[in-house]
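Residues per chain, in single letters:
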Amino acid sequence: MARIELSGINKSYGAQSALRNLNLVVENGEFFVLLGRTGAGKTSTLRMIAGLERPDSGTVAIGDKDVSNWTAAERDVALVLQQYSLYPRLTVRGNLEFPLRAPGRKFTDTEIAARVEKAANTLQITHLLDRKVERLSGGEMQRVSIGRAIVRQPSVFLMDEPLSALDAKLRESLRVELKKLHRELGATFLFVTHDQVEAMSMGDKIGVLRQGRLVQVGTPADIYERPLNTFVARSVGSPPMNLINGRLSGGMADLGGFRLPVAANAAGSGAVTFGVRPENVLLASGAPAEARIFDIEDQGVVKILVMDMGDARIHATVPAGTRVQRDELIRFGWKPDRVVTFDVDSGANLALA
């Protein structure tokens, strides 16, 4: 079993608190993505699990065993970093063999060769085995870095933003390959990133981290459709959820001059923050609300309209064939059953409070 459980983890670096009463469970065989901004505590969490840092308080369990006092070498985990951490003077084969020849390892040459060959085949780098890593591209070096983790056959893979230094096209390709690798190995993956696209496209579950605290855990659909608060609502989605202050009364949203319908069971009353995803904003002549188009982002299959409605700036995702232009006044509405209501002060989702 490779279930990971962090219980009541606190960690400070001097006066700076990195993790605050962090409780996290990653089930055996799960691909779990920890999403957070720079400084949220993502890397600190990984280092706690890897054994590179000790918590000030709390426990770390792997496979139902308390490993809080175990050294990094005693934990059956492999860490893949954003920096490739390869040996430039060695070949790809030499880099893959290196962790298997470390002191304390007792693998035969035959076993080492078999593991290297299997990892190279899995990552499609067999043709690179005899090439020096200093002659590899960024994507190839990251594959080798991942391969060096695979040869150990750990029960847990910890990945600290391994794709962030790569170009967009290569990141997309390696996202697919990592998910395929996860299915083939059946190991537990904990992947940390600040990129919500990576989180939404890769994770079986996502944990949203903010200032060392875990704000919400759920499937990508849970996080996207039922955000616990406005922070989570803005953390996922591209563009993120529109948040508009107004008043809720009698099944209608009063947005300061315009009234739009909301679902009959919408939570709250009086002053609330209305949340609606850009794809649920609808353009139509005769619609109840009006806005002026500030900008148009043409993304090929869709256009993203940036619209000003009074003091509120709203995004709408519309088909690529939609004919609009900057500074045009347009009428719009939204899908009433897709509107989320949040508390104005705390930002909490009123339907989940």
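Values in this document were obtained by computation on a predicted structure and should not be read as measured data. (Residues numbered from 1 in each chain as written. Predicted model: local features only at pLDDT ≥ 70, side-chain atom pairs only at ≥ 80, totals over all residues. Heavy atoms only, no water.)

Undergrad: Explain the packing of aromatic side chains here, please?
TA: Given two aromatic rings, their pairing is described by the distance between the two centres and the angle made by the two planes. Applying the stated criterion across every chain, the model contains five aromatic pairs. Between phenylalanine 31 and phenylalanine 191 the ring centres are 6.0 Å apart and the planes differ by 35 degrees, which places this aromatic pair in the tilted class. With phenylalanine 31 in strand E3 (residues 31-36) and phenylalanine 191 in strand E8 (residues 188-193), this pair connects stretches of sequence that are 160 residues apart. You'll find phenylalanine 31 and phenylalanine 191 in the same group, each marked buried. Through pairs of rings, three or more aromatic residues link up here, namely Phe31, Phe157, Phe189 and Phe191. Against the face of tyrosine 224 rests arginine 277, its NZ or CZ located 4.0 Å from the ring centre. (Phe/Tyr/Trp six-rings, centres within 6.5 Å; stacked < 30°, edge-to-face > 60°. Helix = DSSP H or I, 4+ residues; strand = E, 2+ residues; numbered from the N terminus. Buried < 20%, exposed > 50% of the residue type's maximum accessible area, 1.4 Å probe, protein only. Lys NZ or Arg CZ within 6 Å of the ring centre and 35° of its normal.)

Undergrad: Whenever I open this one, the sheet that holds strand E5 (residues 65-66) confuses me. Can you help?
TA: In a beta sheet, neighbouring strands pair by backbone hydrogen bonds and run either parallel or antiparallel. Taken in spatial order, the four strands of this open sheet run E2-E1-E4-E5, and their pairing is antiparallel. At either end of the open sheet lies a strand with only one pairing partner, and these are strand E2 (16-26) and E5. As paired strands, strand E1 (residues 4-13) and E2 are joined by seven bridges and run antiparallel to one another. Counted as the bridge partner of lysine 11 is leucine 19 from E2. Against the sheet, helix H1 (residues 42-50) makes contact with E1, E2 and strand E4 (57-62), and its axis sits at roughly 120 degrees relative to E1, the strand it touches most. (Pairing = 2+ DSSP bridges. Contact = heavy atoms within 4.5 Å. Axes fitted to C-alpha atoms, helices over the stretch in contact; angles between N-to-C directions.)

Undergrad: How do you make sense of the packing of helix H4 (residues 138-150) against helix H5 (residues 168-185) when you look at a structure like this?
TA: To describe two helices that pack against each other, one gives the angle between their axes and the distance between the axes. Two elements in contact, H4 and H5, have axes whose closest approach is 12 Å; the angle formed by their N-to-C orientations is 15 degrees. In terms of their interaxial angle, H4 and H5 are classed as roughly parallel. Handedness of the crossing formed by H4 with H5: right-handed. For the pair H4 and H5, the contacting residues are Gly139, Gln142, Arg143, Ile146 and Ile150 in the first and Leu170, Ser173, Leu174, Glu177, Leu178, Leu181 and Leu185 in the second. Classifying every residue of the contact of H4 with H5 gives seven nonpolar, three polar and two charged. (Parallel < 35°, antiparallel > 145°, perpendicular 65-115°, else oblique. Left-handed = near helix turned anticlockwise from the far one by under 90°. Nonpolar A, V, L, I, M, F, W, Y, C, P; charged D, E, K, R; others polar.)

Undergrad: What's the story with the pairing of strand E9 (residues 205-210) in this structure? I'm lost.
TA: A regular strand places its side chains so that they alternate between the two faces of the sheet. With five bridges connecting them, E3 and E9 associate as parallel partners. Paired with valine 33 across the two strands is isoleucine 206, which belongs to E9. Linking two consecutive strands that pair antiparallel, namely E9 and strand E10 (residues 213-218), is a turn of two residues; a positive phi of about 50 degrees is found at glutamine 211 within it.

Undergrad: What is the right way to read the sheet that holds E8 from this model?
TA: Within the open sheet, the six strands sit side by side as E6-E7-E8-E3-E9-E10. Their pairing is mixed. Of all the strands in the sheet, the pair left with one neighbour each is strand E6 (77-81) and E10. The average angle at which neighbouring strand axes cross in this sheet is 20 degrees, direction not considered. In this structure, E6 lies alongside strand E7 (residues 156-160), joined through five bridges in parallel fashion. Bridged to alanine 78 within E7 is phenylalanine 157.

Undergrad: Would you take a moment to explain helix H3 (residues 109-123) for this structure?
TA: Since one α-helical turn is 3.6 residues long, residues separated by three or four positions face the same way. Between its terminal C-alpha atoms H3 stretches 21 Å, which fits the 21 Å expected from 15 residues at 1.5 Å a residue. For H3, the complete set of buried residues consists of Ile112, Arg115, Val116, Ala119, Ala120 and Leu123. Taken end-on, H3 shows its buried residues confined to a sector of 130 degrees, consistent with a single buried face. Exposed positions of H3 whose direction lies more than 90 degrees from the buried face are Thr110 and Lys118. Tucked into the core, H3 has its buried residues touching helix H2 (92-97) and H4. Glutamine 124 sits one or two residues past H3 and shows a positive phi near 55 degrees. (Expected span 1.5 Å × (residues − 1). Arc of directions from axis to C-beta.)

Undergrad: Explain H4 to me, please; I cannot follow it from the model alone.
TA: Spanning 13 residues, H4 covers 18 Å between terminal C-alpha atoms, matching the ideal 18 Å at 1.5 Å per step. Burial runs high along H4: ten of the 13 residues are buried. Where H4 is concerned, the buried positions are Gly139, Gln142, Arg143, Val144, Ser145, Ile146, Gly147, Arg148, Ala149 and Ile150. Packing partners of the buried residues in H4 comprise E6, H2, H3, E7 and H5.

Don't take any of this as a statement about function, it's just geometry.
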